[in-house]
Amino acid sequence: MLTIKQLRDDREAAIRRLAKKGVDAASVIDKIEKLDDRRKAIQHELDEMLAQQNQASKQIGALMGQGRREEAEAKKAEVAALKERSNALNAEFKEVSDALQAAIVSLPNFPADIVPEGKTAADNLVVKMVEDHRTLPEDALPHWELARKYDLIDFDLGVKLTGAGFPVYKGKGARLQRALINFFLERNTRAGYLEIEPPIMVNEASGFGTGQLPDKEGQMYHATVDNFYLIPTAEVPVTNIYRDVILDEKDFPIKMTAYTPCFRREAGSYGKDVRGLNRLHQFDKVEIVQLSLPEKSYAALDEMVAHVETLVQALELPYRILRLCGGDMSFTSALTYDFEVYSKAQKRWLEVSSVSNFESFQANRLKLRYKDANKKTQLAHTLNGSSLALPRIVAALLENNQTPEGIRIPEALIPFTGFDLIK
RNA sequence: GGAGAGUUGGGUGAGUGGCUGAAACCACCAGUUUGCUAAACUGACGUACGGGAUUUCCGUACCGGGGGUUCGAAUCCCCCACUCUCCGCCA
C-alpha cells in the first residue's frame, strides 16, 4: 500500500500517476486527507484525555496510600466521567482509522515514469525480441499432443486424482520437471541468490503482507480448519521472511531464490487459455526475490531482468521482453517486465516470467524497513520475478524442439536431464 | 490428540496490581584513557502515532495476539497462537 505521505506530499502528481493505471483517485485522495486530518485531531484530543486519566489514577494511588479514602473516591468518580468520554472517542478513532486504512489499501501502486500509457496487453512495449529461424515440420503438434505421444504428461489421470489443472508428469516428463527446477536453482544460486525452501502453506498475516489478502482471497486455496492458505507463488513465504524486520543499510541487497509448487484457483478462466499446460491449478516455479535500498532498486530490477534473460537464452527459446503498460500491470507493481516465449505450434506468445519492482508498496504492508545513514527508519524496496515458471517453458520446449526423431533437449539442460532426446 | 510449564527490549533475564517503558548483565553505538589491540570508565541504546521545535522536548499506545476485571494491569480472568517437557500417534 502507498503511504499517506506519498499521497499528501504532491496530490496532483499522485492523481496523475494513478491515472496511468486507469484509476481516478481524486475523490479517494480527498477522502484520505479528510480522514487523516480527522484521525490526527481525534488522537490529539484522546491522548490528552488519557493523560488526564493516567494522572488522576496516580493521584488515587497516592491518596489511598495516605489513607485519604474520601478524596480518592471523588477522584474515581472524576475518572469514570473522563473514561466514558474517552471510550466514545476511542471508538470513533478506530472507526476513522479503519476507514482510512480501507481507503489507502484500495489504491494501487504508482507506476514508474517509464511505464507506457495504455489499457490492455496490446499497449505493452516490446523492449526486446529474439526470434528463432528454425522451422518446424508441417505437421507440428501442440504440446498436449506431444505429451500424449511421448507419454510425458497425463492430464486425464490428474483429473482422476484431483481435478482439471493438476497434471501428472511421468517418466522423462517428470525428469524434465526436476531437471528444469535444478537448472534454474543452480543458475540463480550462482548469481548470488540464497536458496530457500519455504513452507507452501502460509498464515493470514503472510497473505496480507504480500497483498494476496484480502483482495485475492478467492484465488487461493484455503485450508479452513487451520486457516492456512496454499501459496500462489514462492514470493509470499519468501518475502514474508522479512515481515516486521528492521534491517541495517549494510544488509542490502538481499537476494533469495526458492522452488515451490504454486497453487491457483484461477476462477473464471476457460477455453484455449487453459488448454494443456497453459494454465494450471498446480504448477512448479522457481522464484527470485530481492530486497533493495530505494536508490538501488531499479538497478536491481535491470539485473534481475538480465539474469532471467540468460536462462531463456540458455534454453534456446525464441523470446521477447515486454514492459507492461499502466493498464496491464498488477495492482502492486511499479514497473514490470514480462518474458514471453514463442510457441510455434500454438502460434502464440506464452508468458513465462514477470519481473517487478514494487518499490515500497509491499514493504509498507510488510513493515519491512531499514535504518539509513542518519539512523532514520525507512521503507525498503522489494522486487521479485519468476526464474522461471515451468509449465509454459515445458510447452515451448516440447513444441519448438520437436523433430522427426523426437524432442531435442537444449545443450545446457542435458547435464540435468541425463538425456538429450525424448523419443 | 491428552496433561503440565512457559512466551518480557538485539540476547540472557528480574519484575508483591500503582514508585516499571520496564532492574541487572551481555551485545551494539559514541566518547575518555591508551603507541596499536585489549581492558577500564562515561554516555547513549525499542517501535508506532500525535503535539511542539524542525538541534535538545512533551503526550499516548505497545511486555506473544485479541478481549475482559479495575480509578490503575507486564502482573488478575477468558479466548487464540506459538515454544518446551511427558504420554499417545506417526514419515
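Residues numbered from 1 in each chain as written. Chains lettered and ligands numbered in written order. Predicted model: local features only at pLDDT ≥ 70, side-chain atom pairs only at ≥ 80, totals over all residues. Heavy atoms only, no water.

**Some remarks on the sheet that holds strand β18 (residues 406–408)**
- What the three strands build is an open sheet, ordered β17-β18-β19; its pairing is antiparallel. Bordering the open sheet on either side are β17 (402–403) and β19 (421–422), each of which pairs with just one other strand. (Pairing = 2+ DSSP bridges. Helix = DSSP H or I, 4+ residues; strand = E, 2+ residues; numbered from the N terminus.)

**Some words on the protein's contact with RNA strand B**
- Taken together, 19 residues lie near RNA strand B, and Arg39, Gln43, Ser57, Lys83 and Lys371 sit nearest.
- Restricting attention to atoms of RNA strand B within 4 Å of the protein, one finds that 71% of them are sugar or phosphate atoms.
- Asparagine 54 places a side-chain nitrogen or oxygen 3.2 Å from a phosphate oxygen of RNA strand B.
- For the surface near RNA strand B, the secondary-structure elements that each account for two or more residues are α3 (26–65), α4 (69–105) and β14 (369–371).
- A total of eleven residues in the surface near RNA strand B trace back to one element, the largest contributor, which is α3. (Near = heavy atom within 4 Å. Polar contact = N/O pair within 3.5 Å; in protein donor to acceptor, adjacent residues only side chain to side chain.)

**Digging into a nonpolar patch on the surface**
- Taken together, Ile200, Met201 and Phe228 make up a surface patch of nonpolar side chains, about 230 Å² in accessible area.
- Considering the arrangement of structural elements, one finds phenylalanine 228 in strand β7 (residues 228–230). (Patch = residues over 30% accessible without salt bridge, like charges linked within 9 Å, V, L, I, M, F, W, Y side chains within 5 Å. Areas by Shrake-Rupley, 256 points an atom, 1.4 Å probe, with all protein chains shown as cover. Salt bridge = Lys/Arg side-chain N within 4 Å of Asp/Glu carboxyl O.)

**Overview of the packing of helix α7 (residues 172–190) against helix α10 (residues 297–314)**
- Here α7 crosses α10 at 140°, and the two axes come no closer than 11 Å. When the interaxial angle is binned, α7 and α10 end up oblique. In this structure, the crossing between α7 and α10 has a hand that is right-handed. Here Phe183, Phe184, Arg187 and Asn188 of α7 lie close against α10, whose contacting residues are His307, Thr310, Leu311 and Ala314.
- Looking at the contact of α7 with α10 residue by residue, the classes come out as four nonpolar, three polar and one charged. (Axes fitted to C-alpha atoms, helices over the stretch in contact; angles between N-to-C directions. Parallel < 35°, antiparallel > 145°, perpendicular 65-115°, else oblique. Left-handed = near helix turned anticlockwise from the far one by under 90°. Contact = heavy atoms within 4.5 Å. Nonpolar A, V, L, I, M, F, W, Y, C, P; charged D, E, K, R; others polar.)

**A word on unusual backbone geometry**
- Residue proline 253 follows phenylalanine 252 across a cis peptide bond; omega there is -5°.
- On the secondary structure map, proline 253 appears in the loop between β8 (246–248) and β9 (254–263).
- Residue serine 387 is joined to leucine 388 through a cis peptide bond whose omega torsion reads 0°.
- With respect to the helices, strands and loops of the structure, leucine 388 is situated in strand β16 (residues 381–389).
- Even without glycine at this site, aspartate 151 takes up a positive phi of about 55°.
- Of note, aspartate 151 is situated in the loop between α5 (143–149) and β2 (153–154).
- A residue is classified by how much of its surface remains accessible, and aspartate 151, at 45% relative accessible area, is partly exposed.
- A positive phi is found at aspartate 244, a non-glycine position, where the angle reads about 60°.
- Relative to the helices and strands, aspartate 244 resides in the loop between α9 (235–240) and β8. (Buried < 20%, exposed > 50% of the residue type's maximum accessible area, 1.4 Å probe, protein only.)

**Section: the environment of glutamine 346**
- Mapping glutamine 346 onto the fold places it in the loop between β12 (335–343) and β13 (348–357).
- The class for glutamine 346 is buried, based on a relative accessible area of 15%.
- Put simply, glutamine 346 and valine 130 are 216 residues apart on the chain and 18 Å apart in space, counted from C-alpha to C-alpha.
- Residues contacting glutamine 346, with those up to four places away along its chain left out, are Pro142, His143, Trp144, Asn278 and Glu399.
- At a separation of 2.9 Å, a polar atom in the side chain of glutamine 346 contacts the side chain of asparagine 278.

**Here we look at the sheet that holds strand β5 (residues 201–202)**
- Strand order in the open sheet formed by three strands is β5-β7-β6, and the pairing between neighbours is antiparallel. Edge positions in the open sheet fall to β5 and β6 (222–223), since each of these has one partner strand only.
- Relative to β7, β6 is paired through two bridges, and the arrangement is antiparallel. Across the sheet, residue alanine 223 finds its bridge partner in β7, namely phenylalanine 228.

**Description of the confidence of the model for chain A**
- On average, residues of chain A score 92 in pLDDT, and 99% of them are at 70 or above.
- Scored by ipTM, the complex comes to 0.86, with pTM at 0.92. (pLDDT = per-residue confidence, 0-100.)

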